[in-house]
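Chain residues, written in single-letter form:
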Amino acid sequence: QVQLVESGGGLVQAGGSPRLSCAASGSIFSINAMGWYRQAPGKQRELVAGIDNGGSTYYADSVKGRFTISRDNAKNTVYLQMNSLKPEDTAVYYCNADLTDYSRSLRTYWGQGSQVTVSA
């Protein structure tokens with residue numbers, strides 16, 4: 001059993017710099033990659049940022065230069081530092097983990113979602 005628990009969402013003014021956290025726990029053999037997706041009303045869910053077990057990162061063009069993804073391997077936790085927020089960043093942000101459990105099966109897990117609302 002694996003759970004991803006998110007924290008850090010809420011209401012923030014434009015230009016703010018909140019940080020989202022996502023902690024994975026349970027019977028984890030290894031985590032291959034973790035990332036953040038977001039879904040705005042009426043839009044498709046999109047990958048915002050990702051980080052693999054080697055530390056390589058990916059960012060969507062819309063957030064590149066403003067957001068930073070990082071991880072704490074000892075805590076199985078991934079963070080998303082969001083800077084210079086814009087109203088168009090308003091969305092539900094979902095943590096994602098691609099991991100291997102002790103049966104050696106690769107599975108994808110999702111956090112519960114965290115609402116980030118950016119006011120102008």
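Residues numbered from 1 in each chain as written. Predicted model: local features only at pLDDT ≥ 70, side-chain atom pairs only at ≥ 80, totals over all residues. Heavy atoms only, no water.

1. Quick word on the overall build of the chain
And step 1. Summing up its helical and strand segments, the chain has 0 helices and 11 strands in all.
And step 2. Listing each helix as α and each strand as β along the chain from the N terminus yields β-β-β-β-β-β-β-β-β-β-β.
And step 3. Dimensions of the chain, computed from C-alpha atoms along their principal axes, come out at roughly 50 × 25 × 25 Å.
And step 4. For the chain, restricting intrachain contacts to residue pairs at least 6 apart in sequence, the fraction spanning at least 24 positions comes to 54%.
And step 5. Positive and negative charge centroids in the chain, built from 11 and 9 side chains respectively, lie 2 Å apart. (Helix = DSSP H or I, 4+ residues; strand = E, 2+ residues; numbered from the N terminus. Contact = heavy atoms within 4.5 Å. Lys, Arg positive; Asp, Glu negative; His and termini not counted. Charge placed at Lys NZ, Arg CZ, Asp CG, Glu CD.)

2. As for the pattern of salt bridges
And step 1. Scanning the model with the defined rule gives 4 salt bridges in all.
And step 2. A salt bridge links Arg38 to Asp89; its shortest N-O distance comes to 3.0 Å. Linking Arg38 in strand β4 (residues 30-39) with Asp89 in the loop between β8 (77-82) and β9 (91-100), this pair joins segments that are 51 residues apart in sequence. The pair formed by Arg38 and Asp89 is uniform in burial state, with each residue classed as buried. (Salt bridge = Lys/Arg side-chain N within 4 Å of Asp/Glu carboxyl O. Buried < 20%, exposed > 50% of the residue type's maximum accessible area, 1.4 Å probe, protein only.)

3. Some points on the nonpolar core
And step 1. Core analysis: the biggest nonpolar cluster contains 31 residues, and Trp36, Leu80 and Tyr93 have the highest contact counts within it.
And step 2. Looking at this core, the elements with two or more residues in it are β1 (2-7), β3 (19-26), β4, β5 (46-52), β7 (67-72), β8, β9 and β11 (114-119).
And step 3. Top contributing element to this core by residue count: β9, with 5 residues.
And step 4. Dropping the residues within four chain positions of it, Tyr93 is found in contact with Glu6, Leu20, Trp36, Tyr37, Arg38, Val48, Phe67, Leu80, Met82, Gly113, Ser114 and Val116. (Core = buried A, V, L, I, M, F, W, Y, C linked by side-chain atoms within 4.5 Å.)

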